[in-house]
Amino acid sequence: MHTRTVKYLVLTVATAVFSTAQAEDAKKPSKEEFQKLYSQYLTEEGYRPEIDEDGDVRFKREGRTYFIYTTEQDAQYFSVVLPNIWAIESEEERSQVLAAADAANAKAKVAKVFTVDDDVWVSIELFVARPEDFKGVFDLAMHGLEYGATEFVGSMRDLTSETTEPSPSATKL
């Protein structure tokens, strides 16, 4: 009798876990739903968002082009990216870029400064309880991203003024 009760409990728990996992999968927003959520918000805030070739939501703010990364893999993940803020033109400059990125990452909250091939990008990445919760932190996150970019460019100008003139792409910021 005891064995049958244990088997019943195991089966009941397994069914509940499987059902919960299926319900969670059913609740995950699609990439298109994220695109709509982000685009509607940006439009309401006065931006003119577009969907780029990767399916991310691209928008301009103060003359700079940003994109909000969209993924259906993690509904709680929110990321805004500012690409191509500095072109790396030599291996010597790459070393300076890495030092400046390290300095900016140490000073800026939530901002990540990193290289993509021969360019420098800045992003913010954070988790929200629900996808729509990004709205409550969007402006603060954008300020954090811009602060990270400003810190990076300032560090690069300091480093490059010791050796050469700054990269022409530095004028983007």
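Structure: see above.
Described in the following lines is the structure provided in the data block. (Residues numbered from 1 in each chain as written. Predicted model: local features only at pLDDT ≥ 70, side-chain atom pairs only at ≥ 80, totals over all residues. Heavy atoms only, no water.)

1. Looking at the packing of helix α3 (residues 91-107) against helix α4 (residues 138-161)
And then number 1: For the pair α3 and α4, the least separation of the axes is 8 Å and the interaxial angle reads 140°. Between α3 and α4, the angle is such that the two are oblique. In the crossing of α3 with α4, the sense of the turn from one axis to the other is right-handed. Together, E93, Q96, V97, A99, A100, A101, A103, A104 and K107 of α3 and Y147, G148, E151, F152, S155, M156, L159 and T160 of α4 make up the contact between the two elements.
And then number 2: Along the lines of polarity and charge, the residues of the contact of α3 with α4 split into 10 nonpolar, 4 polar and 3 charged. (Axes fitted to C-alpha atoms, helices over the stretch in contact; angles between N-to-C directions. Helix = DSSP H or I, 4+ residues; strand = E, 2+ residues; numbered from the N terminus. Parallel < 35°, antiparallel > 145°, perpendicular 65-115°, else oblique. Left-handed = near helix turned anticlockwise from the far one by under 90°. Contact = heavy atoms within 4.5 Å. Nonpolar A, V, L, I, M, F, W, Y, C, P; charged D, E, K, R; others polar.)

2. Observations regarding the sheet that holds strand β1 (residues 50-51)
And then number 1: Taking strand neighbours across the sheet as the criterion, the 6 strands line up as β1-β2-β3-β4-β6-β5 in an open arrangement whose pairing is antiparallel. The open sheet has two edge strands, β1 and β5 (111-116), and neither has a second partner.
And then number 2: When β5 meets strand β6 (residues 119-127), the two strands line up antiparallel, connected through 6 bridges. The residue of β6 that forms the bridge with K112 is S123.
And then number 3: Lying over the sheet, helix α2 (residues 31-44) contacts β1, β2 (57-61), β3 (64-68) and β4 (77-87), oriented at roughly 20° with respect to β2.
And then number 4: Against the sheet, α3 contacts β4, β5 and β6, and its axis sits at roughly 165° relative to β5. (Pairing = 2+ DSSP bridges.)

3. Description of the environment of K135
And then number 1: Counting through the fold element by element, K135 comes out in the loop between β6 and α4.
And then number 2: Judged by its relative accessible area of 38%, K135 falls in the partly exposed class.
And then number 3: Taking C-alpha positions, K135 is 7.5 Å from Y41, a pair spaced 94 residues apart along the chain.
And then number 4: Apart from residues lying up to four places away in sequence, K135 is in contact with L37 and Y41. (Buried < 20%, exposed > 50% of the residue type's maximum accessible area, 1.4 Å probe, protein only.)

Limitation: the analysis is restricted to geometry and does not speak to function.
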